[in-house]
Amino acid sequence: MADELIPATPETESEEPIKQRKNGLYPGVSDELAENMQSGWADTELRDLKPIEQAAETARRRAALSARFPGERLVIPAGNLKTRSNDTEYAFRSSVEYAYLTGNQTEDGVLVLEPAGEGHRATIYLLPRSDRENGEFWLDGQGELWVGRRHSLTESEALYGIPAADVRELTGKLAEATGPVRVVRGYDAGIEAALTDKVTAERDEELRVFLSELRLVKDAFEIGELQKAVDSTVRGFEDVVKVLDKAEATSERYIEGTFFLRARVEGNDIGYGSICAAGPHACTLHWVRNDGPVRSGDLLLLDAGVETHTLYTADVTRTLPVNGTYSELQKKVYDAVYEAQEAGIAAVKPGAKFRDFHDAAQRVLAAKLVEWGLVEGPVERVLELGLQRRWTLHGTGHMLGMDVHDCAVARTETYVDGVLEPGMVLTVEPGLYFQADDLTVPEEYRGVGVRIEDDILVTEDGNRNLSAALPRRADEVEAWMAALKG
């Protein structure tokens, strides 16, 4: 990784135009070189740009936000780069609230809605293209020649349909702002510091909750993006099946890397850390270490999702026999989970309670556990006391969107205790997990974990399984794997 010189920040620029990195190989920049670097560059401004595909949708979302908080200044930051180690950063991922309202995904961006008349005037504050006059473009670690070109403010206005301004001027403006202000917290400490005497935690939480609930029902663009994410995820699962022999020769990491390649080629990234859990690791719900062996005769629980370039993620799980064929016991457990998922999916429809699909799936699993003699019935007793949870562990699903667990700060009465509506997208993912050290079950069960998860769209007349292209029934899974390997 190359070593750069870094110019001073704007606050100290007059005193120290260029700040050298400690232990850099160049002692400085001569006046002649600095002058040379200022000229001889082609005009690369992008003209005749068309608005991003979702510009109409982001405008409608901002209008809904404006209507909810009339007369108040609203500040929604994208967030800043986070240091990974020393002078390297994690890949930036914009805050969901900001990306949802703008379609922009660049670090340090801030959307500000200022009261104007009966509504608001929106401005997107961004870093402009790096400066060629002061050498920032080639000396700064975030300059154009180091990390790539940023859009100019004029280009950004054309793309996002929002007037754009230099974000480096924003903290001063916010510090002088009067009237009620709300900010989405947790993303930009500098913005929050500028507003520290103008906001309250309670008012800011109301803003965050509203933006979470605004995402409960997806528009047509969002549904299309979720389908894209699922379709890429299906191809990623196919990729994994084709290389299971290589995973057996190495580890779960081969599976993780194989799926990641698909995510990066067709999307922005993975939507969350891939769970590539072979053997007893399948009983650890969020096994993301992915450093264990992959053995013939074991099950592989693969829980993974591709994130699109617009930040919508799939979330799909299949539990696959590494050698292509379920053992008798594995199939018994798998079939129980499949039956539970079928009951859960059938309960997803407009007007149903959000909890209904969870209750339907849990009832099936509780009945199986009683039937197998692993817990004392009757089933109603098991459900009332939650005894099945020793082996089912988690809820049967969650909202899905720009976050894998989307709309997480919505009010309980509108989410878990709410009613399903057309346009909602959620996962249905029952599971059974028999820990390797669970002495309450026969030895043959120990270390067996099964989860099946699909992404379900609530429609006007029921539901649609967005991930139906991946087989679910045990015999269909075996035939699918054989065809891919064959």
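Naming follows an unreviewed UniProt entry, where the chain appears as Xaa-Pro aminopeptidase of Streptomyces graminearus. One UniProt comment on the chain, placed under Cofactor (unreviewed entry), says "Mn(2+)". For the chain, the Catalytic activity (unreviewed entry) comment in UniProt is given as "Release of any N-terminal amino acid, including proline, that is linked to proline, even from a dipeptide or tripeptide."

Draft legend 1. Spatial organisation of the sheet that holds strand E19 (residues 462-465). Sheet architecture is open: three strands sit in the order E15-E18-E19, paired in antiparallel fashion. If you trace the sheet from one side to the other, it starts and ends with strand E15 (425-428) and E19, each paired once. Each adjacent strand pair in this sheet contributes to an overall mean axis angle of 40°, direction not counted. Sheet topology note: the E15/strand E18 (residues 454-459) ladder contains four bridges and is antiparallel. Note on E18: the bridge partner recorded for Thr427 is Asp455. Contacts from helix H13 (residues 328-346) reach E15, E18 and E19, with the element oriented near 155° to E15.

Draft legend 2. Focus on the packing of H13 against helix H14 (residues 356-371). Between H13 and H14, the least distance of the axes is 7 Å, while the angle of their chain directions is 155°. With respect to H14, the element H13 is oriented roughly antiparallel. Like other packed secondary-structure pairs, H13 and H14 cross with a definite hand, here right-handed. Here Ala336, Val337, Glu339, Ala340, Ala343 and Gly344 of H13 lie close against H14, whose contacting residues are Phe357, Ala360, Ala361, Val364, Leu365 and Lys368.

Draft legend 3. Representation of the sheet that holds strand E3 (residues 73-77) in the model. With mixed pairing, five strands are arranged side by side in an open sheet as E8-E7-E6-E3-E9. For this open sheet the edge positions go to strand E8 (164-166) and strand E9 (181-183), each flanked by a neighbour on one side alone. Averaged over all adjacent pairs, the angle separating strand axes in this sheet is 25°, with direction ignored. Most of the contacts of helix H2 (residues 55-68) go to strand E6 (residues 110-116), to which it runs at about 50°, and overall it touches E3, E6 and strand E7 (119-126). The sheet contacts of helix H9 (residues 201-214) involve E3 and E9, and relative to E9 the element is tilted by about 55°.

Criteria and thresholds
- Residues numbered from 1 in each chain as written.
- Predicted model: local features only at pLDDT ≥ 70, side-chain atom pairs only at ≥ 80, totals over all residues.
- Heavy atoms only, no water.
- UniProt positions renumbered as here; feature names shortened; annotations may be inferred.
- Pairing = 2+ DSSP bridges.
- Helix = DSSP H or I, 4+ residues; strand = E, 2+ residues; numbered from the N terminus.
- Axes fitted to C-alpha atoms, helices over the stretch in contact; angles between N-to-C directions.
- Contact = heavy atoms within 4.5 Å.
- Parallel < 35°, antiparallel > 145°, perpendicular 65-115°, else oblique.
- Left-handed = near helix turned anticlockwise from the far one by under 90°.

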